[in-house]
Amino acid sequence: MPLTPLDIHNKEFTRGFRGYDEDEVNEFLDQVIKDYEMVIREKKDLADRVHDLEQKLSHFSNIETTLNKSILIAQETAEEVKRNAEKESKLIIKESEKNADRIINEALSRSRKIALEIEELKKQASVYRTRFRMLLEAQLEMLQNDDWDDLSKKTELEDLQLNDATKY
């Protein structure tokens, strides 16, 4: 057990025949007591300071641990966000490809339908042209036919007969 300043103060030495000078010993002991008290105070102050620093170190260690955990969580979250963004981008690309395929298929279907309509219109135009040509040829044939001449002679003859009949 360490000595206390009180132990030093209360210490009594046995006296010998030619012992030490009592005043000198007491003076020295007083100086030792002061120095020892100062050392004890410094030790207590240092112990308090060590305790405070240990508490601060513990606090900062907790902060460091929390920050490390936060960094890990942030990294995991960033990775998850990245994975989700990649998944979403893949889905968007797939959806866009499907839409593009649908649009292309619709366009091809419409172009085929229009091509069929054009072919049908060409056929109808050809039929119309053929019929129109046949009609014109028939009309030309009728015009070139001698029946017109006979008809016109017949009409002239009837007119003459009518004129003659009206004279009488």
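Rules used in this analysis
- Residues numbered from 1 in each chain as written.
- Predicted model: local features only at pLDDT ≥ 70, side-chain atom pairs only at ≥ 80, totals over all residues.
- Heavy atoms only, no water.
- Helix = DSSP H or I, 4+ residues; strand = E, 2+ residues; numbered from the N terminus.
- Buried < 20%, exposed > 50% of the residue type's maximum accessible area, 1.4 Å probe, protein only.
- Areas by Shrake-Rupley, 256 points an atom, 1.4 Å probe, with all protein chains shown as cover.
- Salt bridge = Lys/Arg side-chain N within 4 Å of Asp/Glu carboxyl O.
- Phe/Tyr/Trp six-rings, centres within 6.5 Å; stacked < 30°, edge-to-face > 60°.
- pLDDT = per-residue confidence, 0-100.
- Patch = residues over 30% accessible without salt bridge, like charges linked within 9 Å, V, L, I, M, F, W, Y side chains within 5 Å.
- Lys, Arg positive; Asp, Glu negative; His and termini not counted.
- Charge placed at Lys NZ, Arg CZ, Asp CG, Glu CD.

1. Overview of the overall build of the chain
Summing up its helical and strand segments, the chain has three helices and zero strands in all. Going from N to C terminus, the chain has its helices and strands arranged as α-α-α. Across the 168 residues that make up the chain, the buried fraction comes to 2%. Only carbon and sulfur atoms are counted for the fraction: they give 58% of the accessible area of the chain, which is about 16,400 Å².

2. Structural notes on the pattern of salt bridges
Scanning the model with the defined rule gives four salt bridges in all. For Lys 44, the salt bridge goes to Asp 48, with nearest N and O atoms at 3.2 Å. Taken together, the residues span about one helical turn, with Lys 44 and Asp 48 both in helix H2 (residues 22-144) at a distance of four residues. Its relative accessible area of 37% is what places Asp 48 among the partly exposed residues.

3. A look at the packing of aromatic side chains
A full pass over the atoms with the stated rule returns one aromatic pair. Arranged with centres 5.9 Å apart and planes meeting at 10°, the rings of Tyr 128 and Phe 132 form a pair that is stacked. With Tyr 128 and Phe 132 both in helix H2, this residue pair falls four residues apart, about one helical turn. Exposure remark for Phe 132: the relative accessible area of 40% places this residue in the partly exposed category.

4. What about the confidence of the model for the chain?
Residues shown with low pLDDT carry predicted positions that ought not to be read at fine detail. Counting all residues, the mean pLDDT for the chain is 88, and 90% of those residues have values of 70 or more. When pLDDT is averaged over each helix and strand of the chain, the minimum, 68, is found for helix H3 (residues 146-167) and the maximum, 94, for H2.

5. Let's talk about a nonpolar patch on the surface
Among the surface-exposed residues, Phe 60, Ile 63, Leu 67 and Ile 71 lie close enough to one another that they form a single nonpolar patch of about 380 Å² accessible area. Within the element layout of this structure, Phe 60 appears in helix H2.

6. Thoughts on a negative patch on the surface
On the surface, Asp 21, Asp 23, Glu 24, Glu 27 and Asp 30 cluster together into a negatively charged patch. Locating Glu 24 in the fold gives a position in helix H2.

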